[in-house]
Amino acid sequence: MTLEDVQSEITALEGKLSGDMFADMEIKDKIHNLKMKLNGTKPMNQSIECEGCGS
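Residues numbered from 1 in each chain as written. Predicted model: local features only at pLDDT ≥ 70, side-chain atom pairs only at ≥ 80, totals over all residues. Heavy atoms only, no water.

### Concerning helix 1 (residues 3-15)
Then, in step 1: When the terminal C-alpha atoms of helix 1 are compared, their 19 Å separation across 13 residues agrees well with the 18 Å that a helix rising 1.5 Å per residue should span.
Then, in step 2: Looking at helix 1, one finds that the buried residues are V6, I10 and L13. Down the axis of helix 1, the buried side of the element spans an arc of 65°, and every buried residue falls inside it. Exposed residues lying more than 90 degrees from the buried face of helix 1 are E4 and G15.
Then, in step 3: In this fold, the buried residues of helix 1 make contact with helix 2 (21-39). (Helix = DSSP H or I, 4+ residues; strand = E, 2+ residues; numbered from the N terminus. Expected span 1.5 Å × (residues − 1). Buried < 20%, exposed > 50% of the residue type's maximum accessible area, 1.4 Å probe, protein only. Arc of directions from axis to C-beta. Contact = heavy atoms within 4.5 Å.)

### Some words on a nonpolar patch on the surface
Then, in step 1: A cluster of nonpolar side chains, contributed by M21, F22 and M25, occupies part of the molecular surface with about 380 Å² of accessible area.
Then, in step 2: You can see M21 is positioned in helix 2.
Then, in step 3: According to the relative accessible area criterion, M21 is exposed, its value standing at 55%. (Patch = residues over 30% accessible without salt bridge, like charges linked within 9 Å, V, L, I, M, F, W, Y side chains within 5 Å. Areas by Shrake-Rupley, 256 points an atom, 1.4 Å probe, with all protein chains shown as cover. Salt bridge = Lys/Arg side-chain N within 4 Å of Asp/Glu carboxyl O.)

### A closer look at helix 2
Then, in step 1: Roughly 35° is the biggest bend found in helix 2, and it falls at I27.
Then, in step 2: Taken as a whole, helix 2 has its buried residues at D24, I27, I31, L34 and M36.
Then, in step 3: In this structure, the buried side of helix 2 is in contact with helix 1.
Then, in step 4: Trailing helix 2 by a residue or two, G40 shows a phi angle of about 75°, which is positive. (Bend = angle between axes of the 7 residues up to and from the residue.)

### A word on the packing of helix 1 against helix 2
Then, in step 1: Closest axis-to-axis distance for the helix 1/helix 2 pair is 10 Å, and the angle between their directions is 160°. Judged by the inter-axis angle, helix 1 sits roughly antiparallel to helix 2. The chirality of how helix 1 crosses helix 2 is left-handed. Of helix 2, the residues touching helix 1 (which contributes L3, V6, Q7, E9, I10, L13 and E14) are I27, K30, I31, L34, K35 and L38.
Then, in step 2: Across the contact of helix 1 with helix 2, the residue classes tally to eight nonpolar, one polar and four charged. (Axes fitted to C-alpha atoms, helices over the stretch in contact; angles between N-to-C directions. Parallel < 35°, antiparallel > 145°, perpendicular 65-115°, else oblique. Left-handed = near helix turned anticlockwise from the far one by under 90°. Nonpolar A, V, L, I, M, F, W, Y, C, P; charged D, E, K, R; others polar.)

### Some points on the nonpolar core
Then, in step 1: If you look at the biggest cluster of nonpolar residues, it comprises six residues: V6, I10, L13, I27, I31 and L34.
Then, in step 2: Those elements that place two or more of their residues in this core are helix 1 and helix 2.
Then, in step 3: Not counting residues within four places of it along the chain, the set of residues in contact with I10 comprises I31, L34, K35 and L38. (Core = buried A, V, L, I, M, F, W, Y, C linked by side-chain atoms within 4.5 Å.)

In short, geometric facts, not functional conclusions.
Structure below.
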C-alpha cells in the first residue's frame, strides 16, 4: 500500500463521518491507525518496540 493509497483511504473514511461520536468511533479508529502508518508511529498494541535494534 503506497502513501497515496493510505491518504486516499483516510479521505474516504473522513467523508463517512457523521458527527455522532459513538457512531464514528470505529471509523475514527481506522483513520487514526492509517495516520500512524503515514507518520511511522508504532501502535500501542504492537509488542515489538524496535524492529531496527530487535528489542
